[in-house]
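Residue-level listing of the chains:
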Amino acid sequence: MITSYLTHPDCSLHHMGPEHPENPQRLEAIRARLSLAGLLQQTMQADAKEACNEALARVHPVRHLNALEKCLPKEGIVTLDSDTMMNPDSLKAARVAAGAVIRGVDQVFKRQADNVFCAVRPPGHHAEAADAMGFCFYNNVAVGAAHAKAKYGARRIAILDFDVHQCNGTIDIFKDDPEVLVCTSFQYPFYPWRYLRSEWQNVVNTPLEVGTDSTEFRRIIERQWLPALHAFKPDLVMLSAGFDAHRDDPMGDICLEDEDFYWITHLAMEIAALYAENRVVSVLEGGYNPKTLASGVEAHLKALLGLPYSDAS
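Just so it is clear, the structure is predicted and the values come from calculations on it, not from any experiment.

**Some details on the nonpolar core**
Counting 101 residues, the largest nonpolar core has Ile157, Leu160, Leu236 and Met238 as the members making the most contacts within it. It is helix 4 (residues 90-109) that provides the largest number of residues to this core, a total of 11 residues. Other than its neighbours up to four places away in sequence, Leu236 contacts Val105, Val108, Phe109, Ala148, Arg156, Ile157, Ala158, Ala276, Arg279 and Val281.

**Topic: unusual backbone geometry**
Omega for the bond connecting Arg121 with Pro122 falls within 30 degrees of zero, at 0°, which places this linkage in the cis form. Locating Pro122 in the fold gives a position in the loop between strand 5 (115-118) and helix 5 (140-152). Following Tyr191, the chain continues into Pro192 via a peptide bond in cis, with omega recorded as 10°. Its location among the elements puts Pro192 in the loop between strand 7 (180-187) and strand 8 (203-208).

**Section: the sheet that holds strand 10 (residues 280-284)**
Sheets are built from strands that pair by backbone hydrogen bonding, the pairs being arranged parallel or antiparallel. What the 8 strands build is an open sheet, ordered 2-1-5-10-9-6-7-8; its pairing is parallel. Both edges of this open sheet fall to strand 2 (44-47) and strand 8, since each of them pairs with a single strand only. Adjacent strand axes in the sheet meet at a mean angle of 15°, parallel and antiparallel pairs treated alike. Sheet topology places strand 1 (residues 3-7) next to strand 2; 4 bridges connect them, and they run parallel. What sits directly across from Tyr5, in strand 2, is Gln45. The strands that helix 8 (residues 258-275) touches are strand 5, strand 6 (157-161), strand 9 (236-241) and strand 10; relative to strand 9, the one it contacts most, it runs at about 165°.

**Describing the packing of helix 7 (residues 214-232) against helix 8**
When two helices pack together, their arrangement is given by the angle between the helix axes and by the axis-to-axis distance. Here helix 7 crosses helix 8 at 15°, and the two axes come no closer than 11 Å. With respect to helix 8, the axis of helix 7 lies roughly parallel. Read as a crossing pair, helix 7 and helix 8 show a hand that is right-handed. Along the contact surface, helix 7 presents Ser214, Phe217, Arg218, Ile221, Glu222, Trp225, Leu226, Leu229 and His230, while helix 8 presents Glu259, Asp260, Trp263, Ile264, Leu267, Ile271, Leu274 and Tyr275. Grouping the constituent residues of the contact of helix 7 with helix 8 by class yields 11 nonpolar, 2 polar and 4 charged.

**Some points on the state of the cysteines**
Scanning the entire structure with this criterion turns up 0 disulfides. Cysteine Cys183 remains unbridged, with the sulfur of Cys167 as its closest cysteine sulfur at 9.1 Å.

Parameters at a glance
- Residues numbered from 1 in each chain as written.
- Predicted model: local features only at pLDDT ≥ 70, side-chain atom pairs only at ≥ 80, totals over all residues.
- Heavy atoms only, no water.
- Core = buried A, V, L, I, M, F, W, Y, C linked by side-chain atoms within 4.5 Å.
- Buried < 20%, exposed > 50% of the residue type's maximum accessible area, 1.4 Å probe, protein only.
- Helix = DSSP H or I, 4+ residues; strand = E, 2+ residues; numbered from the N terminus.
- Contact = heavy atoms within 4.5 Å.
- Pairing = 2+ DSSP bridges.
- Axes fitted to C-alpha atoms, helices over the stretch in contact; angles between N-to-C directions.
- Parallel < 35°, antiparallel > 145°, perpendicular 65-115°, else oblique.
- Left-handed = near helix turned anticlockwise from the far one by under 90°.
- Nonpolar A, V, L, I, M, F, W, Y, C, P; charged D, E, K, R; others polar.
- Disulfide = S-S within 2.5 Å.

On their own, these measurements won't tell you what the molecule is for.
Printed below as a string of structure tokens:
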């Protein structure tokens, strides 16, 4: 497998204060771990480019994009909600995060790579069409999916989100869109407390009880996601890859291990091999314990590279 690794130095310019869990150290921890493990050197590394206004406006109304720009401070930090803040470089970082997913989509459709991991921040899956929230400004995976539809005629895009939080933003943007299937597993009841009823035929909501372990997680995913994916037959598989469902992450109470992230990545790749000519584009979402975030991404990348899982130290 040729795995592309996309990131950008500007992703580290965005910060929301010294105590905030969504901070630049997250990407540093990932890069250090992958370099030490010798995995980064096995990928095709490149920098992302900023998403243009046209790409962002496919999923976010122009008036909302303009309103976000007006919120940008000239210095210091401004607060959008209780946990989402902006500094002068926040939207620059958000643009390259969304732009990474666009470039990843380009790479898999042009056959420059089999699959892609976008190591970017800020995350995106809580960003609704007209609402920035939950550490998110632009919905990165949605921007990439809309690009795949507009540029490559993709008509069956599966978005699999295994973050500990539900992808309310992705659902808000694609609910009732027959060309997009959204499968989301999440701790319940839990933030963001929206879109929890499965009212849309193209959304598979998979709530997980506090304390859900590896065995139960895999059983539920196989029972709920696999039938939907086989019926849908996606021509592109996209992953909102959150690592905060790890048992040692401070943000949630789900008890997954690194090997579960390998397992669900492999499951997505099997679906992509059957229906999507191996096309998988993954983008980082949550994960707030630097050690387990890095080890979870290592397991994820091993699967993408087609390597066997072996216990990381």
